[in-house]
Amino acid sequence: MPRDLQFVFPLKNGFHARPASAFQELANRYASTVTVVNEMSDATANGKSTPALVSTMTKEGDRCVVRIEGTDAERAADAIQMFLDETLPHCDDDMPAPVAPVCGRVPRLLRDTAAAVMHGIPVSAGIACAPAHLVHARTLTLPPAAAKSTGPRKERERLHHALEVLESSYRSGPARRGTEAEVAKAHLSIVTDVEFRTELETSIADHGMSTGQAVIRTAGRYVALLGSADSEYLRERAVDIRDVAAQIMDAAYGAPEESHDAPLKKDVVVVADDLTPSQFMGLDKRRLKGLALAHAGATSHTVILARSLGIPCVIGVPDAVLHLTPGDMVVLDAVRGIVVSAPSEPVLAFYRAEQRTQERIAQRLTVHAGRDARTADGTRIEVAANAASVEEVEKAFRDGAEGIGLFRTEMLFMDRSAPPTEDEQFAVYAATMRAAKGRPVIFRTLDIGGDKGVEYLGLPEEENPFLGYRAVRLYPAFQEMIDAQLRALLRASALGKAKIMIPMIASVTEVRAMRVWIDRIKEELGAAKVAFNPSTEIGIMVEIPSVAFVMDQLAPLVDFFSIGSNDLTQYFLAVDRGNPKVRGLYSSFTPSFLRLLKMITDGAHRHGRWVGMCGELGGKIPAAPLFLGLGLDEISLASPGIPAMKERISQFTAADGGAILTQTLACETPEDVEAMLAAAAGSRLAGKPLIDGNIIVLESENSDKALVIRELVNALHADGRTADPDEVEEAVWRREETFSTGIGFGVAIPHCKSAAVMSSSIAFLRPAKPFLWVEGDEDPVNMVILLTINDAAPGDEHLRIIAKLSRKLMHDEFREKLIGAPSPSDVVAALSEAMQ
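What you are looking at is a predicted structure, and each value in this text was computed from that prediction instead of being measured. Throughout, residues of each chain are indexed from 1 in the direction in which the sequence is written. Whole-chain, interface and lining totals are the exception, using all residues; otherwise, since this is a predicted model, local features are given only for residues with pLDDT of at least 70 and side-chain atom pairs are given and counted only at 80 or more. Think of the side-chain values as coming from all heavy atoms in the structure, minus any hydrogens and water.

The working definition used for a salt bridge is a side-chain nitrogen of Lys or Arg within 4 Å of a carboxyl oxygen of Asp or Glu. Taken as a whole and assessed by the stated rule, the structure comprises 41 salt bridges. Notably, a salt bridge pairs Arg 197 with Glu 167, separated by 3.1 Å at the nearest N-O pair. With Arg 197 in helix α7 (residues 194–207) and Glu 167 in helix α5 (residues 152–172), this pair connects stretches of sequence that are 30 residues apart. Accessible area is worked out with a 1.4 Å probe on protein chains only. A residue is then buried under 20% of its type maximum, exposed over 50%, and partly exposed in between. Exposure remark for Arg 197: the relative accessible area of 24% places this residue in the partly exposed category. Among the ionic contacts, a cluster of salt bridges with common partners joins Asp 333, Arg 336, Glu 354, Arg 710, Asp 726 and Glu 729. Labels follow the DSSP assignment, with helices taken as runs of H or I lasting at least four residues and strands as runs of E lasting at least two, numbered in each case from the N terminus.

Our focus in this paragraph is a negative patch on the surface. On the surface, a cluster of negative charge is made up of Glu 668, Glu 671, Asp 672 and Glu 674. Looking at where Asp 672 falls in the secondary structure, it is placed in helix α25 (residues 670–686). To count toward a patch, a residue needs a relative accessible area above 30% and no salt bridge. Like charges then connect within 9 Å, nonpolar side chains (Val, Leu, Ile, Met, Phe, Trp, Tyr) within 5 Å. We get accessible surface area from the Shrake-Rupley algorithm with a probe of 1.4 Å; when it comes to residues, only the shown protein chains can shield them. We score Asp and Glu as negative and Lys and Arg as positive, and we do not count His or the chain ends. For the purpose of locating charges, the reference atoms are NZ of Lys, CZ of Arg, CG of Asp and CD of Glu.

A word on the packing of aromatic side chains. In summary, the pairing rule links any two rings of Phe, Tyr or Trp, Trp by its six-membered ring, whose centres are within 6.5 Å, and it sorts them by plane angle into stacked for under 30 degrees, edge-to-face for over 60 and tilted for everything else. Using the criterion set out here, one finds 12 aromatic pairs in the structure. Aromatic side chains Phe 15 and Phe 23 sit 6.3 Å apart centroid to centroid with 90° between the ring planes, which places their arrangement in the edge-to-face category. Taken as a pair, Phe 15 and Phe 23 share a single burial class, namely buried. Ring pairing ties together the aromatic residues Phe 9, Phe 15, Phe 23 and Phe 83, which thus form one cluster. Over a ring means this: the NZ of a Lys or the CZ of an Arg is within 6 Å of the ring centre and within 35 degrees of the ring normal. Taking NZ or CZ as reference, Arg 221 lies 4.9 Å from the ring centre of Tyr 222, over its face. Over the face of the ring belonging to Phe 397 we find Arg 439, whose NZ or CZ atom lies 3.8 Å from the ring centre.

Before going further, it helps to examine the sheet that holds strand β11 (residues 329–333). For two strands to be treated as a pair, DSSP must find at least two bridges joining them. Judged by pairing direction, the sheet is mixed, and its eight strands sit side by side in the order β5-β12-β11-β7-β8-β9-β10-β6 without closing on themselves. Where the open sheet ends on each side, the last strands, each with one partner, are β5 (116–119) and β6 (121–124). Across the sheet, the axes of successive neighbouring strands diverge by a mean angle of 30°, strand direction being ignored. As paired strands, β5 and strand β12 (residues 338–341) are joined by four bridges and run antiparallel to one another. Bridging across to β12, His 119 finds its partner in Ile 338. Two residues form a contact once any of their heavy atoms are found within 4.5 Å. For helices, the fitted line uses only the C-alpha atoms of the stretch in contact; every axis is such a line through C-alpha atoms, and the angle between N-to-C directions lies from 0 to 180 degrees. The sheet strands contacting helix α14 (residues 345–369) are β7 (127–135), β11 and β12, and the helix crosses β7 at an angle near 120°.

This brings us to the pairing of β11. When you tally the buried positions in β11, you get four out of five residues, the bulk of the element. Pairing of β11 with β12 involves four bridges; the strand directions are antiparallel. Counterpart to Leu 332 in the pairing with β12 is Val 339. From the end of β11 to the start of β12, which pair antiparallel, there are four residues, and Gly 337 there has a positive phi angle of about 80°.

Here a helix's expected span is defined as the number of its residues, less one, multiplied by 1.5 Å. An ideal rise of 1.5 Å per residue puts 28 Å on 20 residues; helix α18 (residues 508–527) measures up with 29 Å between its terminal C-alpha atoms. Restricting attention to buried positions, one finds in α18 the residues Val 508, Val 511, Met 514, Trp 517, Ile 518, Ile 521, Lys 522 and Leu 525. For α18, the secondary structure elements touched by its buried residues are α17 (479–492), β16 (498–502), β17 (537–542) and α19 (551–554). Of the residues trailing α18, Lys 529 is marked for its positive phi of about 55°.

In this section: the confidence of the model for the protein chain. Per-residue pLDDT for the protein chain averages 86, and the proportion of residues at 70 or more is 92%. On a scale of 0 to 100, pLDDT captures the predictor's confidence in every residue. Highest mean pLDDT in the protein chain belongs to β16 (98); lowest belongs to helix α9 (residues 232–236) (64). Long-range and interchain partners of residues 94–104, a stretch whose pLDDT sits below 50, account for 25 contacts in this model, where long-range means more than four residues apart.

Within the secondary structure layout, Asp 719 lies in the loop between α26 (705–718) and α27 (725–738). The class of Asp 719 is buried, set by a relative accessible area of 6%. A polar side-chain atom of Asp 719 sits 2.7 Å from a polar atom in the side chain of Arg 721. With residues up to four places along the chain from it excluded, the contact list for Asp 719 reads Arg 364, Lys 688, Asn 694 and Ile 695. N or O atoms closer than or at 3.5 Å make up a polar contact, with two conditions inside protein: a donor-capable atom paired with an acceptor-capable one, and, for residues adjacent in sequence, both atoms drawn from side chains.

Attention shifts here to helix α10 (residues 238–253). Over its 16 residues, α10 runs 23 Å from end to end, which matches the ideal 22 Å to within 8%, given 1.5 Å per residue. With respect to burial, α10 is a largely interior element, 14 of its 16 residues being buried. Directly beyond the C-terminal end of α10, a positive phi value near 90° is found at Gly 254.

Hydrogen bonds between backbone atoms are what pair the strands of a sheet, whose relative direction is either parallel or antiparallel. The four strands are arranged β1-β4-β2-β3 in an open sheet whose pairing can be described as antiparallel. Two strands lie at the open edges of the sheet, namely β1 (3–8) and β3 (43–46), each paired on one side alone. If you compare each strand with its neighbour and ignore which way they point, the axes differ by 20° on average. Of the strand pairs in this sheet, β1 and strand β4 (residues 63–69) are connected by six bridges, and their pairing is antiparallel. Counterpart to Arg 3 in the pairing with β4 is Ile 68. Packed on one face of the sheet, helix α3 (residues 73–87) meets β1, β2 (33–38) and β4 and runs near 5° to β1.

Glancing now at the environment of Ser 203. With respect to the secondary-structure elements, Ser 203 resides in helix α7. Not counting chain neighbours up to four residues away, the residues in contact with Ser 203 comprise Gly 208, Met 209, Ala 214, Arg 217 and Thr 218.

Attention now goes to the pairing of β7. A large share of β7 lies buried, amounting to seven of its nine residues. Where β7 and β11 come together, five bridges link them in antiparallel fashion. Residue pairing for β11: Pro 131 is matched across the bridge by Met 329. Two strands pair when backbone bridges link them, and β7 and strand β8 (residues 268–272) are joined in this way by four bridges, in the parallel orientation. Pairing of Val 135 across the sheet is with Ala 272, part of β8.

Our focus in this paragraph is the side chain of Arg 470. Along the chain, Arg 470 turns up in the loop between β15 (441–444) and α17. For Arg 470, a relative accessible area of 1% gives the class buried.

A few words on the environment of Pro 144. Tracing the chain through its elements places Pro 144 in the loop between β7 and α5. Considered as a pair, Pro 144 and Val 244 are 100 residues apart in the sequence and their alpha carbons are 20 Å apart.

What follows concerns the environment of Val 123. Along the polypeptide, Val 123 turns up in strand β6. Owing to a relative accessible area of 2%, Val 123 belongs among the buried residues under this scheme. In this structure, the C-alpha to C-alpha distance between Val 123 and Ile 304, residues 181 residues apart in sequence, is 8.9 Å.

Positive phi values are uncommon outside glycine, yet Ala 342 reaches one of about 40°. Note on placement: Ala 342 falls in the loop between β12 and α14. For Ala 342, a relative accessible area of 64% translates into the label exposed. One non-glycine residue, Ala 574, lies in the positive phi region at around 55°. Residue placement: Ala 574 occurs in the loop between α20 (565–573) and α21 (591–606). Note on Ala 574: relative accessible area 70%, which makes it exposed.

Quick look at the structure:
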């Protein structure tokens, strides 16, 4: 009996490739026909075809119906209903937002050089300076050999051969990881799509077309549909269709000569009207320093790939394609969203200084990455990383991880047709321990179920999988598989500080059962004389609120606790964070949730147990003082955030954390908590010393007023005293244009008061060669003192500081002390004395 399922489409990016691919994968498991109808537009699609689903242009809020008809319609309908309720709302991860456009925000120094600036939108931050390398857009043209059909049979053979070649290249081509692998998978879903293939076949059989003509007709239909979509995200998917179609054409007739881009032999900035994902993946990333694209979208797969690889990219720069020729030197500024052609020496000098500033910022954070995380008063808190592969573990330690706080072993079990063997698992766990070099690694045992399905396990469909059969609850049904994992983990424990963590624990009974299980595996390994660490620590994840109330009973049974803040928040607040209707209620900063965290950490410590945190909350840098106040022993987060987290921890004392936590526990809303944390961070930055060696420049090679001001502003930026150096520079110049700040005696005191100044500062520069501050001055300046004041400072603070400095600078002895100071610390000492 046919079944109709009504639903309202929930995703803000529409029915794009990812949810469509997931839907068609499910629909293809059943013999029944599955049809999706958008009742708002009357668009109808085969539910077993990704392109067809995408082409319905379904938008958030559209009323839709799924019609299922066939021998297994009942089972298919139940599964699809569950997909609509439980899975579809999670298929639309927030796209990474492009950097806010700053068109027109050209730094003063560049404006003064009259540089040829092209404006665009920065979508992957960074700065590159290299010759332009023009790449022509791949167009879908009909080869001469495809001008006429050679007959349906031969054309079908040609088409099938081309599709097989392309499918094989996606399935067994070069090893790809991360975003690159996801894009290749999306393209594979187009090549293998039943609707896409049917349309190609129909064009040949019913319309007498050649393979090439069929490819152009089919691709054209989908590109036209997507190109007319209201959603920018859907319009950008047309590039993927063109890309796949061009590759089918190449496989059928051979790639045209003009499509062979010369390999990159030197560092370049690639300039193109658009660049398909396959063109991007074909470029030598060692030579690719930046991308300037005329018409690519911020969410195109090419841009996503560039962002994932850290390659600077500016989009929306059609002038770059029109006016640049191969070999033209360009500066691609993907911080401000501009491309500078034929940069003059002053422009190049400006960007060399910018790159040095970026290196200093990276260096500043690197210092923290290489240190153990400590508070300002020396209290230790371990900062570890979350990881799911050996590659991620290696990167995490390069980023400064002090251990692995969460190794997600379930990733080894996914995207395959059978569970990994014990030896396969041991190879990964052992490689992880070798990469750790003695640092601790917490392996979470299999956490399957909920939002992580594994088809070969044949898990039953559930009405509410997050409250159902998942993680430790399914272990007894898969004893052989769990035995293999525990054996592999214990064998790896012989190679370092491996710890085993059990997910989804709700009761003492479950912990006791797992202890018995692990002890049995230990006995078996011991009897077989297999090496392992008999003292391997066993812990549990705290992600079900009930655990918080039996810490006294659990503590004797485990060696450690680790808080999984995502599920714990969801279960504690009874909020499905994937449900757009209630998502706004989900916040780990909810004061009652913070009280629960305190209850957990206090309970663990009261019974002498270590407690860490490995959920998303652990990756929030502003929350650092809360972690200190809670007394967590460890925070585990994505590795790129580790240096910044360590820096933030170093800005607070343990007592600060305690005081801030107490205040937040008294708040009424999560917004109040976040505002309080922001204020706490601002107070710490404001607490930077007014004068510091990091903002003292001696023997500067610059002997130009504009360059000197910028060099001093860059010093403030590098030291974390401003996040907007361009605005601080503008503020200085606004004051400078009112009157000259040269005060005589060879001294200039430029100054400003601005909200862009996070920490009031006195920066000092001594040029190697004195220069005139203003044309017509009688005496050159041989020292420049930049005073920058935060907007929140008392109104006359800058005047009081200038008055003090001026009085001291009138004395020859003080000026000579500054001019002759052998080191930044001597300058700091002299200026500090003047401020007394």
